[in-house]
Amino acid sequence: MQIWVDADACPAVIKDILYRVADRTQMQVTLVANQLLRVPPSRFIRSVQVPSGADVADQEIVRLLAPGDLVVTGDIPLASDVLKKGGYALNPRGEFYTNDNIAQMLTMRAFMDELRGSGVDTGGPAAFSQGDRQAFANSLDRHISKIQREAASRG
């Protein structure tokens, strides 16, 4: 398993958690962004810069990911594409996107876009909190442990 990060909008505290996880688990973490990213020196962490443009980073992640890989993103359409390709998608607040919840999330996203397009101020997402950070770390740890147990049972 490899971890891909939709890095343009990923909070710095989440990137820091992922850097520690990469070195602790010796798992490859790749950050994909439209801008040049500085990442800590590690053979398990790398960054990929893609050209500017709408969804260019998303398309690159989907192109490169393999079934079973994990993608960290807050982008619901990207999460949907990841699920279709057999990957896992986790948002920075620690919630997994699943085949059971993605259709509802896409519908809500489209509805909110429509409201904003008609001039309704829908506000933005809640501020990123310490609880969100902890929820992400816990979800990530549980997922990695599950994947490692499954790999060990296969031999």
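Residues numbered from 1 in each chain as written. Predicted model: local features only at pLDDT ≥ 70, side-chain atom pairs only at ≥ 80, totals over all residues. Heavy atoms only, no water.

**Considerations on the packing of helix α1 (residues 12-25) against helix α5 (residues 130-154)**
The N-to-C vectors of α1 and α5 enclose an angle of 25°; their axes lie 10 Å apart at closest approach. Judged by the angle between their axes, α1 and α5 are roughly parallel. For α1 against α5, the interelement crossing comes out right-handed. Of the residues in α5, those in contact with Val13, Ile14, Ile17, Leu18, Arg20, Val21, Arg24 and Thr25 of α1 are Arg133, Phe136, Ala137, Leu140, Asp141, Ile144 and Gln148. When grouped by side-chain class, the residues that make up the contact of α1 with α5 number nine nonpolar, two polar and four charged. (Axes fitted to C-alpha atoms, helices over the stretch in contact; angles between N-to-C directions. Helix = DSSP H or I, 4+ residues; strand = E, 2+ residues; numbered from the N terminus. Parallel < 35°, antiparallel > 145°, perpendicular 65-115°, else oblique. Left-handed = near helix turned anticlockwise from the far one by under 90°. Contact = heavy atoms within 4.5 Å. Nonpolar A, V, L, I, M, F, W, Y, C, P; charged D, E, K, R; others polar.)

**What to know about unusual backbone geometry**
A positive phi angle, near 55°, is found at Gln26, a position not held by glycine. Mapped onto the secondary structure, Gln26 falls in the loop between α1 and β2 (29-33). Judged by its relative accessible area of 53%, Gln26 falls in the exposed class. For Asp55, which is not a glycine, the phi torsion comes out positive at approximately 65°. (Buried < 20%, exposed > 50% of the residue type's maximum accessible area, 1.4 Å probe, protein only.)

**Points about the layout of surface pockets**
Within this model, the second largest pocket holds a volume of roughly 230 Å³. Forming the walls of the second largest pocket are 16 residues, and the residues nearest its centre are Asp6, Asp8, Ala9, Thr73 and Asp75. It is helix α2 (residues 56-64) that provides the largest number of residues to the lining of the second largest pocket, a total of three residues. For the lining of the second largest pocket, the per-class residue count stands at seven nonpolar, four polar and five charged. (1 Å grid on protein atoms, 1.4 Å probe; cavity = no way out; pocket = protein on both sides within 12 Å on 5 of 7 lines; lining within 4 Å. Points joined across faces, edges and corners; volume = space filled by probe spheres on them.)

**A few points about the side chain of Asp69**
Relative to the helices and strands, Asp69 resides in the loop between α2 and β4 (70-72). Of the side chains bearing the opposite charge, Lys85 lies closest to the buried Asp69, which forms no salt bridge; the N-O distance is 8.0 Å. A polar side-chain atom of Asp69 sits 3.1 Å from the main-chain amide nitrogen of Gln2. At 2.9 Å, the side chain of Asp69 and the side chain of Trp4 are in polar contact. Beyond its immediate stretch of four places on either side in the chain, Asp69 contacts Met1, Gln2, Trp4, Gly87 and Tyr88. (Lys, Arg positive; Asp, Glu negative; His and termini not counted. Salt bridge = Lys/Arg side-chain N within 4 Å of Asp/Glu carboxyl O. Polar contact = N/O pair within 3.5 Å; in protein donor to acceptor, adjacent residues only side chain to side chain.)

**Examining α1**
Taking 1.5 Å as the rise per residue, α1 with 14 residues should run 20 Å; its terminal C-alpha atoms sit 20 Å apart, in good agreement. Those residues of α1 not exposed but buried are Ile14, Lys15, Ile17, Leu18, Tyr19, Val21, Ala22 and Thr25. Elements in contact with the buried residues of α1: β1 (3-6), β2, β3 (45-49), β4 and α5. Downstream of α1 by one or two residues, Gln26 has phi in the positive range, about 55°. (Expected span 1.5 Å × (residues − 1).)

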